[in-house]
Amino acid sequence: MTSTARVMVAGCWAAIVTGLLLAGTQLTGIAEPPPPELIAFDPGAITRWGAPLLRFTGTTAAVLAVGTLLGLVILDGLPRHRTTVVSLRRATRLLACSAVVALILQVLLGISAIVGRPALTISVSDYVACLTMPGILYCLGSIAGFLCLAMLTRTSTTPLNLLVVGMVATCLPFAGGHPSSASNHIVSLGMIVLHVLAAALWVGGLAMLLIVGGILGDRVAMRTVLPKFSRLALPCAIATAVSGFGSLLAQAPEVGGYSRNYLLLVLVKAVGLAGLFWFGAWHRRHSVPASIHDPLSARFLRTGLREVALMSAIIAVATVLSRTPPGSFE
């Protein structure tokens, strides 16, 4: 596939995922304006519609950064992969900076939602006053983490330490959602952190394989990273499914029954995860053994691309799910 074709495919899929995200936002009603009696506290359409898009963008950049860092950990200390390691470090810096930009905008829109006015009409003093709120603090901590990550990739910091920083920064924005307000918040928070970490390693790791094999075309590096990631993928997939189900159960006492919209999103996400398990079984049965002879198999790269596309769609659904109150809609 030529570079132009890759850009066109990526652009088309970005448009499809964005449409899916906006459709989910519309169907769940989370972007609807407030009722007339609360219209004075309306943060505006930009905040209501932009927040899910920024959450999705920041999450995607963070997950991809975790994936490139996982590749660095696997290739650490192997001199023959120096060129690929340099490229992965450069990609990590770019992704970390992208996450920082998305998170900064997410903070601005988050404060807009808290104050109940459009972002451009809020005074500096109101912005400063909201910076100590838990959800905003978590995002600020994530921004600091990704800024450190962007700077540390220019140094000789070991990849494992970089991966730890990246994983902590990826988890922080999710700590201020539904789990933080639950009475059993320790269990809920533990479930969501495990869910995010396992999914980030799983999704980011597969994306890393496509970067190493499909973009960098490093046949030797693929022989190294593919078998090791294959052994990691199954535990991450199981942890993602189990922790997601655990997080769902942990919220049950709080809502006294889930809404129809919330359960529909959960069902869509579960079907998507089942599809990913099927992809994983196919890779384990066909791709990994074949990689011994042809680590850049076109069949593997095409299937991996479809799997990443499905993963991105699931992230879009999860973004809408994270912003949907479990029991607010009938």
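Located above this text is the structure these notes cover.
Report follows, based on the coordinates. (Residues numbered from 1 in each chain as written. Predicted model: local features only at pLDDT ≥ 70, side-chain atom pairs only at ≥ 80, totals over all residues. Heavy atoms only, no water.)

**Comments concerning the nonpolar core**
Point 1. Judged by nonpolar contacts, the single largest core of 68 residues is most densely connected at Ile111, Phe146, Trp202, Leu209, Val225 and Phe229.
Point 2. Ranked by the residues each element gives to this core, the list is headed by helix α2 (residues 45–75), at 11 residues.
Point 3. The contact partners of isoleucine 111, leaving out residues within four places of it in the chain, are Ile122, Tyr127, Cys130, Leu131 and Ile136. (Core = buried A, V, L, I, M, F, W, Y, C linked by side-chain atoms within 4.5 Å. Buried < 20%, exposed > 50% of the residue type's maximum accessible area, 1.4 Å probe, protein only. Helix = DSSP H or I, 4+ residues; strand = E, 2+ residues; numbered from the N terminus. Contact = heavy atoms within 4.5 Å.)

**Quick look at the packing of aromatic side chains**
Point 1. Summed over all chains, the structure comprises 2 aromatic pairs.
Point 2. Consider the rings of tryptophan 278 and phenylalanine 279, whose centres lie 5.4 Å apart with planes at 70°: the pair is edge-to-face.
Point 3. Residue classification places phenylalanine 279 among the buried positions, given a relative accessible area of 14%. (Phe/Tyr/Trp six-rings, centres within 6.5 Å; stacked < 30°, edge-to-face > 60°.)

**Some remarks on a nonpolar patch on the surface**
Point 1. A cluster of nonpolar side chains, contributed by Val124, Val128, Leu131, Leu137 and Leu140, occupies part of the molecular surface with about 410 Å² of accessible area.
Point 2. Contributions of two or more residues to the nonpolar patch are made by α4 (124–130) and α5 (134–152).
Point 3. If you trace the backbone, leucine 131 turns up in the loop between α4 and α5. (Patch = residues over 30% accessible without salt bridge, like charges linked within 9 Å, V, L, I, M, F, W, Y side chains within 5 Å. Areas by Shrake-Rupley, 256 points an atom, 1.4 Å probe, with all protein chains shown as cover. Salt bridge = Lys/Arg side-chain N within 4 Å of Asp/Glu carboxyl O.)

**Describing the pattern of salt bridges**
Point 1. A full pass over the atoms with the stated rule returns 1 salt bridge.
Point 2. Ionic pairing is found between arginine 117 and aspartate 126, a salt bridge with its closest N-O pair at 3.0 Å.
Point 3. A relative accessible area of 28% places aspartate 126 in the partly exposed class.

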